[in-house]
Amino acid sequence: MAPRTLYDKLVDAHTVRRLDADGRQVLLYIDRTVLNEYTSPQAFTGLREAGRPVWRPRASLGTVDHVNPTASRRVAAMADAGGERQAEYFAENCRDFGIELFDVLHPLQGIEHVVMPEIGLVLPGMVIAAGDSHTTTYGAFGALGFGIGTSDIEHYLATQTLIYKRLKSMRVTVDGTLAPGVRAKDVVMALIRTIGASGATGYAIEFAGTAITALSVEGRMTICNMAVEAGARGALVAPDDRVFAYIAGRPRAPKDDLWDQAVAAWRELKSDPDAVFDQEVVLSAEIIEPMVTWGTSPDQAAPINTSIPDPAQEPNPDRRRDMERALAYMGLAPGMALDAITIDRAFIGSCTNARIEDLRDAALVVRGRHVAAGVRAMVVPGSSTVKRQAEAEGLDKVFLDAGFEWRQSGCSMCLAMNDDVLGAGERCASSTNRNFEGRQGAGGRTHLMSPAMVAAAAIAGRLTDTRRDIGGN
Amino acid sequence: MQPFTIVSGIAAPLPASNIDTDVIMPKQFLKGVDRSGLSDGVFHDLRFGPLRDTFVLNKSPWQEARFLVVGPNFGCGSSREHAVWGLGQLGFRALIGTSFAGIFFDNCARNGMLAITLEAAALDTLTAIVSDPTTAALTIDLPAQTITAPGGLQLAFDIEPTRKESLILGLDAVGATLQERAAIQRFEQAYLQENPWLA
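These numbers were taken from a predicted model, which means no experiment stands behind them. (Residues numbered from 1 in each chain as written. Chains lettered and ligands numbered in written order. Predicted model: local features only at pLDDT ≥ 70, side-chain atom pairs only at ≥ 80, totals over all residues.)

Asks: Got a minute to help me understand the overall build of chain B in this structure?
Replies: Within chain B one finds eight helices and seven strands. Each of the three principal axes of chain B carries a C-alpha extent, and together these read 65 × 40 × 25 Å. Within chain B, counting contacts between residues at least 6 apart in sequence, those at least 24 apart form 70% of the total. (Helix = DSSP H or I, 4+ residues; strand = E, 2+ residues; numbered from the N terminus. Contact = placed C-beta atoms within 7 Å.)

Asks: Looking at this structure, I do not really get the domain arrangement of chain A. What am I missing?
Replies: Residues and elements named next belong to chain A. According to the domain assignment, chain A contains domain 1 (6-165), domain 2 (168-239 + 272-287) and domain 3 (291-470). Relative to domain 2, the C-alpha centre of domain 1 lies at a distance of 25 Å. Residue-level contacts link 16 residues of domain 1 with 18 residues of domain 2. A per-element tally of the side of domain 1 that touches domain 2 places strand β7 (residues 144-147) first, with three residues. Residue composition of the side of domain 1 that touches domain 2, by class: eight nonpolar, eight polar and no charged. (Domains from an automatic or database assignment. Nonpolar A, V, L, I, M, F, W, Y, C, P; charged D, E, K, R; others polar.)

Asks: I'm lost on the nonpolar core in this one. Help?
Replies: A general tendency of soluble globular proteins is for nonpolar side chains to be buried together. All names here are of chain A. One finds Ala 227 and Val 454 to be the most contacted residues of the largest nonpolar core, which totals 209 residues. At nine residues, the largest contribution of residues to this core is made by helix α15 (residues 451-460). Excluding residues within four positions of it along the chain, Val 454 makes contact with Ala 346, Phe 347, Ile 348, Ala 362, Ala 429, Ser 430, Ser 431 and Met 449. (Core = buried A, V, L, I, M, F, W, Y, C linked by C-beta atoms within 7 Å. Buried ≥ 20, exposed ≤ 12 C-beta atoms within 10 Å, placed from the backbone.)

Asks: Explanation requested: the environment of Asp8(A) in the structure shown.
Replies: Residue placement: Asp8(A) occurs in helix α1 (residues 6-13). Taking the C-alpha atoms as reference, Asp8(A) lies 9.9 Å from Ala204(A); in sequence the two are 196 residues apart.

Asks: Please clarify how the interface of chain B and chain A should be interpreted in this entry.
Replies: By a widespread convention, an interface's size corresponds to the accessible area lost as its parts come together. Contacts between the two partners involve 47 residues from chain B, matched on the other side by 58 residues from chain A. At the level of elements, α1 (21-24), α4 (102-110), α6 (161-169), α7 (173-178) and α8 (181-194) of chain B are the ones that each hand at least two residues to the side of chain B that touches chain A. Classifying every residue of the side of chain B that touches chain A by side-chain character gives 20 nonpolar, 13 polar and 14 charged.

Asks: Hey, could you run me through the pairing of strand β16 (residues 376-379) of chain A in this one?
Replies: If a strand is regular, its side chains alternate between the two faces of the sheet. Residues and elements named next belong to chain A. Summarising the sheet, strand β15 (residues 345-348) and β16 pair through four bridges and their orientation is parallel. Within β16, the position partnered with Ala 346 by the bridge is Ala 377. Handedness of the crossover is the feature at issue here: the chain leaves β15, passes through helix α12 (residues 356-366), returns alongside β16, and the resulting connection is right-handed. (Pairing = 2+ DSSP bridges. Right-handed = clockwise from strand over helix to strand, strands pointing away.)

Asks: Sorry, what's going on with the sheet that holds strand β5 (residues 100-102) of chain A here?
Replies: Remark on secondary structure: sheet strands pair via backbone hydrogen bonds, oriented parallel or antiparallel. Residue and element names in this part refer to chain A. Reading across the sheet, the three strands line up as β3-β4-β5 and stay open at both edges, with parallel pairing between neighbours. At either end of the open sheet lies a strand with only one pairing partner, and these are β3 (33-35) and β5. Each adjacent strand pair in this sheet contributes to an overall mean axis angle of 25°, direction not counted. Note that strand β4 (residues 60-63) and β5 share three bridges and pair parallel. Residue Thr 63 lies in a different strand from β5, and its bridge partner there is Phe 102. (Axes fitted to C-alpha atoms, helices over the stretch in contact; angles between N-to-C directions.)

Asks: I keep staring at the environment of Asp96(A) and nothing clicks. Help me out?
Replies: Counting through the fold element by element, Asp96(A) comes out in helix α3 (residues 81-97). Residues Asp96(A) and Pro53(A) lie 43 residues apart in sequence; the distance between their C-alpha atoms is 9.6 Å.

Asks: Looking at this structure, how should I read the environment of Arg35(B)?
Replies: Its place among the elements puts Arg35(B) in the loop between α1 and α2 (44-48). In this view, Arg35(B) contacts Gln42(A) and Trp85(B); residues no more than four positions away in its chain are not counted.

Asks: I tried to follow unusual backbone geometry on my own but got confused; where do I start?
Replies: With glycine set apart, most residues show a phi of negative sign, and most peptide bonds adopt trans. In this structure, Pro61(B) follows Ser60(B) across a cis peptide bond, with omega equal to 0°. With respect to the element layout, Pro61(B) can be found in the loop between α2 and β2 (67-70). A positive phi angle, close to 55°, is found at Ser412(A), a residue other than glycine. Its identity as a non-glycine residue notwithstanding, Asn18(B) has a phi of 55°, on the positive side. Tracing the backbone shows Asn18(B) in the loop between β1 (6-14) and α1. Asn18(B) gets classed as buried once you count the C-beta atoms within 10 Å, which come to 26.

Asks: Would you mind showing me how to read α4(B) here?
Replies: Residues that lie three or four places apart on an α-helix share one face, since the helix turns once every 3.6 residues. Residue and element names in this part refer to chain B. Most of α4 is tucked away, with nine of its nine residues classed as buried. Restricting attention to buried positions, one finds in α4 the residues Gly 102, Ile 103, Phe 104, Phe 105, Asp 106, Asn 107, Cys 108, Ala 109 and Arg 110. Looking at the residues trailing α4, positive phi occurs at Gly 112, about 70°.

Asks: I tried to follow the packing of α12(A) against α15(A) on my own but got confused; where do I start?
Replies: Any two packed helices are characterised by how steeply their axes cross, that is the angle between the axes, and by the distance between the axes. Residue and element names in this part refer to chain A. Look at α12 against α15: their axes get within 8 Å of each other, and the N-to-C directions meet at 30°. One way to sum up the angle between α12 and α15 is to call them roughly parallel. Of the two elements, α12 crosses α15, and the hand of that crossing is right-handed. Contact residues: α12 offers Asp 358, Asp 361, Ala 362, Val 365 and Val 366, while α15 offers Pro 451, Ala 452, Val 454, Ala 455, Ala 456 and Ile 459. A breakdown of the residues in the contact of α12 with α15 according to their chemical character gives nine nonpolar, no polar and two charged. (Parallel < 35°, antiparallel > 145°, perpendicular 65-115°, else oblique. Left-handed = near helix turned anticlockwise from the far one by under 90°.)

Asks: Explain the pairing of β4(A) here, please?
Replies: Residues and elements named next belong to chain A. Side chains Ser 60 and Gly 62 project from β4 onto one buried face, and the interleaved Leu 61 and Thr 63 project onto a second face that is buried too. Sheet topology places β3 next to β4; three bridges connect them, and they run parallel. Each bridged residue has a counterpart across the sheet, and for Val 34 the counterpart in β4 is Leu 61. Note that the unit made of β3, helix α2 (residues 41-50) and β4 has a crossover that is right-handed. What joins β4 to β5 is α3, and the crossover it makes is right-handed.

Pasting the structure below:
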């Protein structure tokens, strides 16, 4: 057999049948999904109308995350009548179709892509499709995760399969050692800046190199999560002992003999040494610096110690127009130093960066300091489990003492579907994944960065380099 | 699903890069449990915001547009299918661009929305043509895989045969896949036997 990439192996192992002569289109078996309250309702309605059951109810999990409030006292009520109806219908659907649900009062509730790995439902070799673009997160485990729309959720629920078009393959190799104070978020932001917001459209990425394998599993999740912001519809890291150790003992992970069998199989999950990728991208870890975005697309980013680029210097007229439009929306001028940008809000949260390591990292920056006057700063843990763990470590107190709000888990102001919203013109340092126009609230201005950089910005009242201004790594 | 064969109508140019699904369908329109009522949400801030008078879909003849000629990476970001449902409810039948985000592209196919990719040079030509109000009417012939502009310019486009067939026939994908029930069951049984920790 010709040498294959890890991506090819996962697709081949899940191919029920080829749908065209060259095997580009296949009927792909999907191991599991996670459902949320806002992209699933119409899928269930479709099943109800056609009188179709769910093929394998135990291969789905529901968690309420997108529309729930995150105020510090947890309540069952949603933020508005629409959200209320979605949560109700979600509960009804999960009950009627036999799907386990983590509702807003459940102790395991949280953002879907934080919950799935932390309870051991994401395993190497799986294919997981879900109604949320950040399903790519699961690539950190050597599982192929990708986002789907509601029609495909319905297709999955009814058939356990999807009609799938094989992607091209891209290997992103990051060799070397990251400088102190440079984090997984900076690596993926540097990649997106390098290849562009559609640089990986039509591709599945495999991350490789010594700087990737040196990352924790949670750091790898951040990278795979945001790979979709370069257009990738799948991002993989070959699983290793660090991944197996992360999964071991989690409540839904395999145990005993099955565990041993699984690990033996998982050790085979890697690209063949002579596998050929359609595209190769190489980044040097040493030159990656802490990154922030200045525009309204995730590729409009730059190292914190630089200035806002000048559209007049951009030779490509389309890109120049995009830059001008972005700067007008962001209320920024070319040449301005990035660390001179003052902020109104600071948000630590999201499926990209609200796991326990993210909160520990941010707390290191915050400890013993205070949020700048006039800045409203929030921490929204990625899950109820993360929240409890952080509280057990006293991190809640560190944030509260510094003037941060310590809130309940949910997607919150990453996409502002609940009542956590930026006002028009408000500027936010955010550990999230999208700086689109209006993403965090109509007229709101988002600067993406790592959670530690958000923490430093909250304290300084402006964007700042954690290494220089705060002294923390 | 509404079949797509030969459709004529006005095409509107929307050349900005990276128009994301938050812009196409803002969050306040995502609070339903059905697919209805989304036409007001489409490009809401552009159509109804302070710059509305400059937005192409508020100008004649493009307010009647049935096609959009879009910039690169259209539909990036969130997986929300509401973006495609809303475009359909506002009367759009096809989108023409150089590249579409993957999830959005699939969502189009599942809803009878034809997403056509052209080479950059061909798209530039088409954008210039439809930016002129007197030449903005196009005819898209999916069986023949052609776009025809006033004056006789004709552009050919590629589309995968399976996608083309399902658009032309307006197929119910779930129903079609369930015809394969036995094959899926066979596969699943063998797969779970081979990977017993997943059973």
